[in-house]
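Observations on the three-dimensional arrangement
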Protein chains: 2
Amino acid sequence: MNLDPRLEESSVFVTDLELCQVRLSSNGKFPWILLIPRLDDITEIIDLEEASQILLLQEIALTSQILKDLFAPHKLNVAALGNVVPQLHVHVIARYTHDEAWPNPVWNSGVSETYSEEALDKRISQLKDAYSVYKR
Amino acid sequence: MNLDPRLEESSVFVTDLELCQVRLSSNGKFPWILLIPRLDDITEIIDLEEASQILLLQEIALTSQILKDLFAPHKLNVAALGNVVPQLHVHVIARYTHDEAWPNPVWNSGVSETYSEEALDKRISQLKDAYSVYKR
């Protein structure tokens, strides 16, 4: 697929699943995954064929479970918006009642932080490990 | 199901699908549907059994198609957030590049308007008709 440069610059590669590329948002304030179907010219969920829609759902569920297991959030936020970057990407975000944006959505919240190199390496490796268990 | 009073007060009944109750948001600024699984004690998509998750996906796709057909939006926004009202509800919203919140998400945008009685009746009846075609 062609990855929109705005998605590429604002996130880091984790792994490729059957349908989606998994990327971690560079915003270190939230455990925040992007699922991006590895297909060109898709902007809406309903642009995907039905079998791919089901794969997307399964990869959302897998990602939700991984975030829940790793980070014990109080709530998950799952969203396909795409008002700024039309290439289909699904946000799966671990939220806490004590996070700085709560209870607002994270987009446009102004709550943002860059990961330290060490924290980013740790988180990516944690996520790679978690996905690899399910990919076996 | 027990419907959270905050969902009940901020939206109007449209129809019941196999899994979800379909409601129209009372915010007349956007064609904005809520899909609420008719089950108790569900807050996350992954709280649903796998078959119900697939039904939810199908009802999201159906709703997306209906909003696309009726309102010709530039973009659909699909989201399960639930930070304020935990009962699982999926937003499916028709967005336009000229709507007052664009390109921001609608939540906390401050962009809100009450439907006139006539406009609400018309929209509900339009939606009921559209869903009834698919339910046949």
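Look up a bit, the structure's there.
We now turn to the structure provided with this report. Here the structure is a predicted model, which is why all the values come from computation and not from measurement.

Conventions we followed
Throughout, a residue's number is its position along its own chain's written sequence, starting from 1. Each chain gets a letter, beginning with A, and each ligand a number, beginning with 1, in the order they are written. It should be noted that, the model being predicted, local features are given only for residues of pLDDT at least 70 and side-chain atom pairs only at 80 or more, the latter also being counted only at that level, while totals for whole chains, interfaces and linings use all residues. Excluding hydrogens and water, the side-chain values take into account all heavy atoms of the structure. Contacts between residues were defined by any pair of non-hydrogen atoms, one from each residue, lying within 4.5 Å. Buried area, as used here, totals the accessible surface that two parts lose on assembly, with accessibility defined by a 1.4 Å probe and the loss added over both. Every case where a carboxyl oxygen of Asp or Glu lies within 4 Å of a side-chain nitrogen of Lys or Arg is listed as a salt bridge. For the purposes of these results, a polar contact is taken to be a pair of N or O atoms within 3.5 Å, where, inside protein, one atom must be able to donate a hydrogen and its partner to accept one; residues adjacent in sequence count only when each atom of the pair is a side-chain atom. The helix count covers DSSP runs of H or I at least four residues long, the strand count covers runs of E at least two residues long, and both are numbered beginning at the N terminus. Should DSSP find at least two bridges between two strands, the strands are regarded as paired. The cut-offs for exposure are 20% and 50% of the maximum accessible area for each residue type, with area from a 1.4 Å probe on protein chains only; residues under the lower value are buried, those over the upper are exposed, and the others partly exposed.

To continue, consider the interface of chain A and chain B. In this assembly, 32 residues from chain A lie in contact with 32 residues from chain B. Buried area between chain A and chain B, summed over both chains or domains, comes out near 2,700 Å², and the portion from carbon and sulfur atoms is 58%. Connecting chain A to chain B are 2 salt bridges. For Lys75 of chain A, the salt bridge is made with Glu44 of chain B, and the minimal N-O distance between the two is 3.0 Å. Seen at the junction of chain A and chain B, the total is 18 residue pairs in polar contact (both at pLDDT 80 or more). Only α2 (50–71) and β4 (75–80) of chain A provide two or more residues apiece to the side of chain A that touches chain B. The dominant element in the side of chain A that touches chain B, judged by the number of residues it contributes, is α2 of chain A, at 9 residues. Of the strand pairs in this sheet, β4 of chain A and strand β4 (residues 75–80) of chain B are connected by 3 bridges, and their pairing is antiparallel. In the sheet register, Ala79 of chain A faces β4 of chain B, and the bridge partner there is Ala79 of chain B.

The subject of this paragraph is the pattern of salt bridges. Scanning the entire structure with this criterion turns up 12 salt bridges over all chains. The partner of Asp16 of chain A in a salt bridge is Arg38 of chain A, with the nearest N and O atoms 3.7 Å apart. In this pair, Asp16 of chain A is assigned in strand β1 (residues 11–16) and Arg38 of chain A in the loop between β3 (32–37) and α2, connecting sequence segments 22 residues apart. By relative accessible area, Asp16 of chain A is classed as partly exposed at 29%. Among the ionic pairs, Arg95 of chain B bridges to Asp99 of chain B, the shortest N-O distance being 2.8 Å. By the burial criterion, Arg95 of chain B is buried, and Asp99 of chain B matches it. Sharing partners across several salt bridges, the network here consists of Lys29, Glu100 and Glu113 of chain A.

Any link to function would need more than the numbers given here.
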